[in-house]
Protein chains: 2
Amino acid sequence: MTQVSITPLLMAGGAGTRLWPVSRDSMPKQFIQLLDDGLSTFQATLLRVKGAPFGRPIVVTNQEFRFVVAEQMQALDIAGDIVLEPERRDSAAAVAVGALLAQRQVPDAVVVALAADHVVKDVEAFRADCAAAGALAATGLIMTLGIVPTEPSSAYGYVEPGEPLSGKGASRLSRFVEKPDQATARGYLERGFLWNSGNFVFSAETMIDELERWAPEILAGAGAAVDMATSDLDFIRLDPSAFGTIPKTSIDYAVMEKTGQAGVLAASFDWSDIGAWDSLHAVAVKDEAGNVLQGPILAIDTTDSLLRSDDMLLTAIGVKDLVAIATRDAILIAPKSEAGRVKALVEQLKAQGRPEASEHLRMYRPWGWYQRIDLGARFQVKRINVKPGGKLSLQKHFHRSEHWIVVRGTAEVTLDDTVSHVHENESIYLPIGCKHRLANPGKIDLELIEVQVGSYTGEDDIVRLEDVYART
Amino acid sequence: MTQVSITPLLMAGGAGTRLWPVSRDSMPKQFIQLLDDGLSTFQATLLRVKGAPFGRPIVVTNQEFRFVVAEQMQALDIAGDIVLEPERRDSAAAVAVGALLAQRQVPDAVVVALAADHVVKDVEAFRADCAAAGALAATGLIMTLGIVPTEPSSAYGYVEPGEPLSGKGASRLSRFVEKPDQATARGYLERGFLWNSGNFVFSAETMIDELERWAPEILAGAGAAVDMATSDLDFIRLDPSAFGTIPKTSIDYAVMEKTGQAGVLAASFDWSDIGAWDSLHAVAVKDEAGNVLQGPILAIDTTDSLLRSDDMLLTAIGVKDLVAIATRDAILIAPKSEAGRVKALVEQLKAQGRPEASEHLRMYRPWGWYQRIDLGARFQVKRINVKPGGKLSLQKHFHRSEHWIVVRGTAEVTLDDTVSHVHENESIYLPIGCKHRLANPGKIDLELIEVQVGSYTGEDDIVRLEDVYART
């Protein structure tokens, strides 16, 4: 088996709500610390493919998540290409763009395309499987990483292995099948089918050829989006109009179900896609009562449950097989067996126009983050955290004045034509209609309390006059 | 039956934790709106005994609750005597003090002693029963209001009716029995026992005589505490040293189980002591799925449950017979059948030193309230609400500066030797160590945001130099 260099392609643009209220459109689950390892699944995925035989990673994400992606990569000291999708597309677009970019960097590149929200604990087995699949991919196969089912789940698509290939667990792939009902799934298990993990290993050239053959409009759109891409700070920004022509479909449907080049490797590593809160409970380390307790929790006579709280004290007495998730502004309670219905619940919340359905209380921005801490009829209070070097846009508001009180660090405040420094325990008043800008010229985080007063304190009362992050 | 004038004696000093996290030591359940009637049970109790044949009420409460008692009475436009216990005692002390005070006002007073945390919906039946019991009390009996059991509960003490008296449901009382186990309770039900509601009707004279006979040290302590009581604003403040001599015991134990004068009236009204969250569910109006939903709730396929949230969005899928209670800083989840164990949970929290066990986030003060809205390493942010005419103490801090931003109304701010007015959308800075005072000279509530900055922001960093509420 030849050792090949493999380009990791992380697909990190999804915005799942199945782990609501922790995962929301504004900050989806791949960027959130779900387990006790101190990492998001995106970060854990990056670490799994760090170092030889893996090369510099390509991360494809939605442009909305660019700063969190950059920050989480920086925290791990991992450099890579961050490719920004101007709108949501399914996996076919990401794979096509990734294959094209990988080939530009390494003409005979082998790519491992990975979802950024899966959990794998046995990293060595994972890397060995990727290398084995990579060697087969270098021969022109598109290898699916198949998972040996632990139960007849109806939550996954299945693949049927065909003619064996050289190497343990490798075979040609006979066919893909959609998510079955449980009875059908039981039959699949008896016949040795595997779960389709949605992770693939292929040579860029093979994938591009197969896209050309089976989905030329996807390849054409992706090619144009890459050709006309612009570099913006550390990002590769795909051309929006070209990208917009790409059909919204999965790589499974666009290529894998049609190609004659498909293979499958039965993974030797553990795997979970944390598709719902009960999956997190299954994957996480449990105490002797079978509980996963994350955050400030007191649980009495509680068994086989997942209790998680970001901040508030969460207590339980005598519960069993329950999921209870508390964030600063929303709480979910459900039996583990009903955890799969969270997505439907979020749809209802969206239909009701509840902001908690999509938005987190803490909003991440390129310069740091802000969080509402109080809201009244004619006022709003926010805590604002600006990273060293961070700079908000030059802006003005029509309906509110603002009072800024610095509680840590030093602020550089532009107020109309003057620039001044406001230090810890000092404040400044920004009258309604003034042009103003906040920046952190210091070496530590700047924290301030903003008190807005006015007849309307909505986020959309903002005129951005200038912005270093190209948001005007 | 002679119509007698009845003095209501409300016992409102308890600090139960069985409805935690809503009820806490700092603001117990009798002062909290538990049902959808817009009233606390204390207020509902006051309204039940408003107007003839009931006279001016006497409210016995702990001194810590004096301002909430005064405010809740004022909100109903009900005047009464507010008697302050300097420390916690059981019901014997309250009944003795109440009987003595009632007799001073009306020598042949008949008193109805009521717990302030019970729920009665049929007010007319309640009033008629009190009048009937009052007529018997005027003849020298101490009447217990007995409740016809709806189940063989082991949560209540029972009373055995004896020789019938004139009037429907009235009899002499043979004996009191302690909380039984369920099997014993079943026997009690068969023999016609009633629940002891802890509410009594008696003439002041009879009660004083029986205290003299069976518990002279209680009467002596109560008499001295009343004799040496001081008037403080609208309150009757019992003498602390005299009050401290009164044994901590219930009126049941001190008098009722011993006296030969006991009678019982089988109540014709509905009754609940809301002893736990499942009782609140039982008493409250339910939707067609059997749920009680209080606050911003979305419940899917949820049945026979109590979901309550003060503020945050609370969601549930597929739960049954559950209690979930969310406040701003603490959450409780338990099956209804386990709701009786909340008190034990709170004991554990207290042992762990969790402030949420005893204190609410919103702290009521004579001048209004404050609530922490954010807390950092070297800062704290509070929302402060001052009633019209309210005035905080003249104070200073050793470890923090304060920034006040008025978001509604007008503040009168004393800063060392100057007094100024700070209006909506204005701010003022109070440097560390300065003498300062906040007051609301206006006609509407004053709302302000206080940002504290310093190395220590605990409540106990305060020197009170002067206080209109006698707290220096």
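What you see is a predicted model; the values in this text were computed from it and never measured.

Definitions and cut-offs
- Residues numbered from 1 in each chain as written.
- Chains lettered and ligands numbered in written order.
- Predicted model: local features only at pLDDT ≥ 70, side-chain atom pairs only at ≥ 80, totals over all residues.
- Heavy atoms only, no water.
- Pairing = 2+ DSSP bridges.
- Helix = DSSP H or I, 4+ residues; strand = E, 2+ residues; numbered from the N terminus.
- Axes fitted to C-alpha atoms, helices over the stretch in contact; angles between N-to-C directions.
- pLDDT = per-residue confidence, 0-100.
- 1 Å grid on protein atoms, 1.4 Å probe; cavity = no way out; pocket = protein on both sides within 12 Å on 5 of 7 lines; lining within 4 Å.
- Points joined across faces, edges and corners; volume = space filled by probe spheres on them.
- Nonpolar A, V, L, I, M, F, W, Y, C, P; charged D, E, K, R; others polar.
- Least-squares fit on C-alpha atoms with pLDDT ≥ 70 in both.
- Contact = heavy atoms within 4.5 Å.
- Patch = residues over 30% accessible without salt bridge, like charges linked within 9 Å, V, L, I, M, F, W, Y side chains within 5 Å.
- Areas by Shrake-Rupley, 256 points an atom, 1.4 Å probe, with all protein chains shown as cover.
- Salt bridge = Lys/Arg side-chain N within 4 Å of Asp/Glu carboxyl O.
- Lys, Arg positive; Asp, Glu negative; His and termini not counted.
- Charge placed at Lys NZ, Arg CZ, Asp CG, Glu CD.
- Buried < 20%, exposed > 50% of the residue type's maximum accessible area, 1.4 Å probe, protein only.
- Polar contact = N/O pair within 3.5 Å; in protein donor to acceptor, adjacent residues only side chain to side chain.
- Phe/Tyr/Trp six-rings, centres within 6.5 Å; stacked < 30°, edge-to-face > 60°.

Strands sit in the order β13(A)-β15(A)-β17(B)-β16(B)-β14(B)-β12(B) across an open sheet of six strands; the sheet is mixed. Strands with a single pairing partner mark the edges of an open sheet, and in this sheet they are β13 (297-300) of chain A together with β12 (292-294) of chain B. Averaged over neighbouring strand pairs, the angle between their axes works out to 5° when direction is ignored. Where β12(B) meets strand β14 (residues 306-309) of chain B, three bridges bridge the pair, whose relative direction is parallel. Across the sheet, Gln294(B) pairs through a bridge with Arg308(B), a residue of β14(B).

This next bit is on the confidence of the model for chain A. Looking at chain A, pLDDT values average 94 and 99% of them are 70 or higher. For this predicted complex, the interface score ipTM comes out at 0.90, while the overall pTM is 0.90.

Here we take up empty space enclosed by the protein. The final tally for this structure, using the stated rule, is three cavities of 30 Å³ or more. Of the volumes computed, that of the largest cavity is approximately 50 Å³. Within the residue set of the lining of the largest cavity, elements represented by two or more residues are α1 (41-48) and β4 (110-115) of chain B. Residues that form the lining of the largest cavity fall into these classes: six nonpolar, three polar and one charged. Reported here for the second largest cavity is a volume of approximately 40 Å³. Around the second largest cavity sit Arg48(A), Leu114(A), Ala115(A), His118(A), Val120(A), Phe126(A), Asn199(A), Phe269(A) and Trp271(A), which together line it. Partitioning the lining of the second largest cavity into residue classes produces six nonpolar, two polar and one charged.

Glancing now at the relation of the copies chain A and chain B. The operation relating chain A to chain B is a screw motion whose rotation component is 180°, with 0.0 Å of axial translation and a residual RMSD of 0.2 Å. Here the symmetry operator amounts to a two-fold rotation axis. Taking C-alpha positions as reference, the residue of chain A nearest the rotation axis is Ile373(A), located at 2.9 Å. Take the interface residues of chain A: 100% of them recur as interface residues in chain B, which is what a same-surface contact looks like.

Attention shifts here to a negative patch on the surface. Judged by side-chain charge, Asp108(A), Glu205(A), Asp209(A) and Glu212(A) come together as a negatively charged surface patch. Its relative accessible area of 43% is what places Asp209(A) among the partly exposed residues.

Residue and element names in this part refer to chain B. For lysine 336, the location among the structural elements is in the loop between β17 (330-335) and α11 (342-351). Residue classification places lysine 336 among the buried positions, given a relative accessible area of 16%. Engagement of the side chain of lysine 336 in a polar contact is seen with the side chain of histidine 281, the distance being 3.4 Å. Here the side chain of lysine 336 touches aspartate 304 through a polar contact of 2.8 Å, landing on its backbone oxygen.

Residues and elements named next belong to chain B. Per the stated rule, a full pass over the model turns up 21 aromatic pairs over all chains. With 4.6 Å between their ring centres and 50° between their planes, tyrosine 156 and tryptophan 195 make a pair best called tilted. Taken as a pair, tyrosine 156 in the loop between β5 (142-147) and β6 (158-164) and tryptophan 195 in strand β8 (residues 194-203) lie far apart in primary sequence, 39 residues in all. Considered together, tyrosine 156 and tryptophan 195 belong to a single accessibility category, that of buried residues. Arranged with centres 5.3 Å apart and planes meeting at 65°, the rings of tyrosine 156 and tryptophan 271 form a pair that is edge-to-face.

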